[in-house]
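Survey of secondary and tertiary structure
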Number of protein chains: 4
Amino acid sequence: MTQSAAAPRRLTARGEERRAQLLELATTRFARDGYHSTSVSDIVNGLGVGKGVFYWYFDSKEQLFLEILKSAQRDLRRSQQRAIDGVDEPVRRIALGVRAGVLWTAEHAELRRLVDFARTEASFAPAVRAGQRALAQDAVAHLEEAMAAGAIPAGDARALAFGLLGVTTTMTDALVEEGRHDPETVADLVVSFCLGGIGAASAG
Amino acid sequence: MTQSAAAPRRLTARGEERRAQLLELATTRFARDGYHSTSVSDIVNGLGVGKGVFYWYFDSKEQLFLEILKSAQRDLRRSQQRAIDGVDEPVRRIALGVRAGVLWTAEHAELRRLVDFARTEASFAPAVRAGQRALAQDAVAHLEEAMAAGAIPAGDARALAFGLLGVTTTMTDALVEEGRHDPETVADLVVSFCLGGIGAASAG
Amino acid sequence: MTQSAAAPRRLTARGEERRAQLLELATTRFARDGYHSTSVSDIVNGLGVGKGVFYWYFDSKEQLFLEILKSAQRDLRRSQQRAIDGVDEPVRRIALGVRAGVLWTAEHAELRRLVDFARTEASFAPAVRAGQRALAQDAVAHLEEAMAAGAIPAGDARALAFGLLGVTTTMTDALVEEGRHDPETVADLVVSFCLGGIGAASAG
Amino acid sequence: MTQSAAAPRRLTARGEERRAQLLELATTRFARDGYHSTSVSDIVNGLGVGKGVFYWYFDSKEQLFLEILKSAQRDLRRSQQRAIDGVDEPVRRIALGVRAGVLWTAEHAELRRLVDFARTEASFAPAVRAGQRALAQDAVAHLEEAMAAGAIPAGDARALAFGLLGVTTTMTDALVEEGRHDPETVADLVVSFCLGGIGAASAG
DNA sequence: AATGAATGAGGATTCATTCAT
DNA sequence: TATGAATGAATCCTCATTCAT
């Protein structure tokens, strides 16, 4: 009756395009109006297509959201990995990772909004947590390496990792939203805050 | 027909109690299931009362939520102000304020969830931002005083303030949720991270 | 969120009446147009009430159907039990039970239609089978008693019971539908067919 | 645009095969999940072909169902005619016809299910009735011949015919479904029940 | 103050059918 | 012959809110 979740439909070029359009418009709308306030009708109407189109490409509104969510998390993580690729020194990797995080967040404020929302719904929260854990895990690796090398004081790497995540997103959100700082300046601020933080906190 | 918002109904003692029950149950449910997934029916059924009761005490579901939201923000702010009351040194005020923030957040994880959600809905976002600004403003005062006194390097106080907010909430959320640290330990960590952060970042 | 199935709503007199109206109209329409071809809208429109009314009284269209189904089966069974109450001789009980079955079926042709349909949907089939088994079980008791008393030849009582059920419903349906025979005449025919059948078949 | 119903498309060998596949899969699914719960998509997906294929071979889902229905009824009738071919004695023809009916029903439980359903939908009911009448008509001929020959007591042949139909299908359904009897045994039971029935009932 | 009942717009989803390629 | 894409009416159901009692 229902399609098996395991077999994503094979799409033509035109199909891929439609799918991408839907994905993009949905992301925009979800971020602007909220998930619940954006109806499937809003999305298809915004594209000027029939309602069935939505369900040709996605199993449900929920699944679509999950897909956006996961791809956002994946994208952020990738851009951080790209930023630190080939860098040897762990503290520099941390700094570059944080910077990449700030820039990504600044550029994708809408996606940040989505993640915030997702955290508050029972059906999406697990996915958010999984993503956060993955991000934290990356940072933990660098932090532990830095501690082992004596570059920063020993301490609870996992706790620090979550600290990094927090400063990055919240500071970025707040500052960029205010419009008084350009992303690069924000990045500088956040990076030094973070380095100061891990330097001091580990001691605690 | 409808009551003017300015003139809240005068309630008997019993009435106050009912109102408080509704407020409490709604908070719990909103936090557990999400705002949209919690219906007015859920709330009144959970209390075993008729549907009319809800509308006797509140104008609408939205107004109720707003009330919860504002009172949560007010409560956090108050507990921070209480914590620093009478403390002269600005850096200590910052430390105590952050600590109070951590403890409050740890104790009211549900309310944190509500604020996260509120930020993502057009109708609630302004209220959230207002609350955040008020909180940041408090911190800005201490930071500027500390800068003036030379206790910390000069810098963008407002930016730092948002940094403090971010570390506090995110680190607390993540660490308390994990259940590996008790709130006091988390507070120690967060405070030293913050102090390290403002020490280093302002320099930038 | 959803109401617990275990707690049927307490209804006022007016409420009971509404519920009964819905039940009756739904039965009629399901029988006349088929379950799938009758929409919830059809039902509430037929009563001139809003759509929510339906869901105030029933959890779903499916549950409503199930309720009709079970009450129909219960009703038939009761009318058979009433018919044989106090009769000592097992063969007479069989005859009277069959007769009662014919008369009930003749009078409730619509419900018969519903049972036929229910048998063809995965979600309803189990309920139908359960009802049929109960009916058959009643007959089995009389048949075995009759066999023990030597009133009819020994044989597979359960098989015969289903035979009785089959003749009763199908013959009645076909004959009453044709309109050439009144129910009493049909009952005579069916009863003697059945008695002849169990007399002969058991021997096999 | 649409084909005239009278001129079925001329198909290639490959075409015939496709059509047969569709017919078979549809039958299986309709019987297993119900007519309404089986979508055209289900059918074409089950065959791994595109949606257009369905409408190349059939005008509509309804027409397809009707075709299955009629061919089922035709098939049963034929197998009964084959069974009695060349038999002179009318009572033996009846017995053999009933037996053939039992065996066919046992072997095609799915089709039986379809007929049951069809009876409950306004759009299919006439077809079902027509088929039943044809079947009954066959039996009536034998019954009247038997009565004329004095082999069974005179009576309402048409009524008896419907009785035969009823016992056959219902007893078979119930017994075969239970799995306690093989079709041949069931056939013996049903045949003697029927003969007993017509012997006794006609007298009434 | 409180209740059960009612409203009805709105939401997600399904599905028979059509069509361009 | 066949495909993937598209249509859009129709379906079941939810829910904030109102109202008579």
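Residues numbered from 1 in each chain as written. Chains lettered and ligands numbered in written order. Predicted model: local features only at pLDDT ≥ 70, side-chain atom pairs only at ≥ 80, totals over all residues. Heavy atoms only, no water.

1. A look at the relation of the copies chain A and chain B
When chain A is fitted onto chain B, the two copies agree to an RMSD of 0.1 Å after a turn of 180 degrees and an axial shift of 0.1 Å. In short, the pair behaves as if placed about a two-fold rotation axis. Both copies contact each other with a shared surface, as 100% of the interface residues of chain A are interface residues in chain B too. (Least-squares fit on C-alpha atoms with pLDDT ≥ 70 in both. Contact = heavy atoms within 4.5 Å.)

2. Examining the arrangement of the chains
Ranking the four pairs of chains in contact by number of contacts places chains A and B first. Separated in space, chain B and chain D share no contact, their closest pair of C-alpha atoms being 29 Å apart.

3. Considerations on the interface of chain D and chain C
Taken together, the contact pairs 38 residues of chain D with 38 residues of chain C. Interface of chain D and chain C: buried area, both sides summed, is about 3200 Å²; carbon and sulfur atoms make up 66% of it. In this structure, the connection of chain D to chain C is made through two salt bridges. With a shortest N-O distance of 3.6 Å, Arg 119 of chain D and Asp 116 of chain C are connected by a salt bridge. Connecting chain D to chain C are two residue pairs in polar contact (both at pLDDT 80 or more). Elements with a contribution of two residues or more to the side of chain D that touches chain C: α1 (13-33), α6 (109-118), α8 (157-178) and α9 (183-201) of chain D. With 14 residues, α8 of chain D is the single largest residue contributor to the side of chain D that touches chain C. (Buried area = accessible area lost by both parts, 1.4 Å probe. Salt bridge = Lys/Arg side-chain N within 4 Å of Asp/Glu carboxyl O. Polar contact = N/O pair within 3.5 Å; in protein donor to acceptor, adjacent residues only side chain to side chain. Helix = DSSP H or I, 4+ residues; strand = E, 2+ residues; numbered from the N terminus.)

4. Some points on the domain arrangement of chain A
Size of an interface, as often reported, equals the accessible area lost when the parts are brought together. All names here are of chain A. The domains assigned to chain A are domain 1 (13-58) and domain 2 (64-201). Counting residues at the interface gives 11 residues for domain 1 and 11 residues for domain 2. Of the roughly 950 Å² buried between domain 1 and domain 2, counting both surfaces, carbon and sulfur atoms make up 76%. When residues of domain 1 are sorted by the area they lose upon contact with domain 2, Thr 27, Ala 31 and Tyr 35 head the list and together hold 48% of the total. At the boundary of domain 1 with domain 2, the tally comes to one salt bridge. Between Glu 67 and Arg 19 there is a salt bridge, with its nearest N and O atoms 2.9 Å apart. Counting across the interface, domain 1 meets domain 2 through three residue pairs in polar contact (both at pLDDT 80 or more). Sorting elements by how many residues they give to the side of domain 1 that touches domain 2 places helix α1 (residues 13-33) first, with six residues. Its residues placed into classes, the side of domain 1 that touches domain 2 shows eight nonpolar, two polar and one charged. (Domains from an automatic or database assignment. Nonpolar A, V, L, I, M, F, W, Y, C, P; charged D, E, K, R; others polar.)

5. Some thoughts on the protein's contact with DNA strand E
As a matter of local geometry, DNA strand E sits amid 38 residues, with Lys 61 of chain A, Gly 50 of chain B, Gly 50 and Tyr 57 of chain C together with Val 40 of chain D nearest to it. The sugar and phosphate moieties of DNA strand E supply 68% of its atoms located within 4 Å of the protein. Tyr 55 of chain A places a side-chain nitrogen or oxygen 2.8 Å from a phosphate oxygen of DNA strand E. Elements that contribute at least two residues to the surface near DNA strand E include exactly α3 (51-57) of chain A, α1 (13-33) and α3 (51-57) of chain B, α1 (13-33) and α3 (51-57) of chain C together with α3 (51-57) of chain D. Looking at the surface near DNA strand E residue by residue, the class counts come to 14 nonpolar, 14 polar and 10 charged. (Near = heavy atom within 4 Å.)

6. Here's the deal with the packing of aromatic side chains
Counted according to the given criterion, the structure contains 44 aromatic pairs over all chains. Here the aromatic rings of Tyr 35 of chain A and Phe 124 of chain A are separated by 5.4 Å at their centres, their planes lie at 85 degrees, and the arrangement is edge-to-face. With Tyr 35 of chain A in the loop between α1 and α2 (40-47) and Phe 124 of chain A in the loop between α6 (109-118) and α7 (125-148), this residue pair connects regions lying 89 residues apart in the sequence. For the residue pair Tyr 35 of chain A and Phe 124 of chain A, the accessibility class agrees, reading buried in each case. Ring geometry for Phe 65 of chain C and Phe 117 of chain C: centres 5.8 Å apart, planes at 90 degrees, overall edge-to-face. Residue Phe 65 of chain C is located in helix α4 (residues 61-84), and its partner Phe 117 of chain C is located in helix α6 (residues 109-118); the two are separated by 52 residues in the primary sequence. For Phe 65 of chain C, a relative accessible area of 1% corresponds to the buried category. A residue is classified by how much of its surface remains accessible, and Phe 117 of chain C, at 3% relative accessible area, is buried. Aromatic rings pair up to connect Phe 30, Tyr 35, Phe 65, Phe 117 and Phe 124 of chain A together with Phe 30, Tyr 35, Phe 65, Phe 117 and Phe 124 of chain B into one cluster. Residue placement shows Lys 61 of chain A over the ring face of Tyr 35 of chain A; its charged tip is 4.4 Å from the ring centre. (Phe/Tyr/Trp six-rings, centres within 6.5 Å; stacked < 30°, edge-to-face > 60°. Buried < 20%, exposed > 50% of the residue type's maximum accessible area, 1.4 Å probe, protein only. Lys NZ or Arg CZ within 6 Å of the ring centre and 35° of its normal.)

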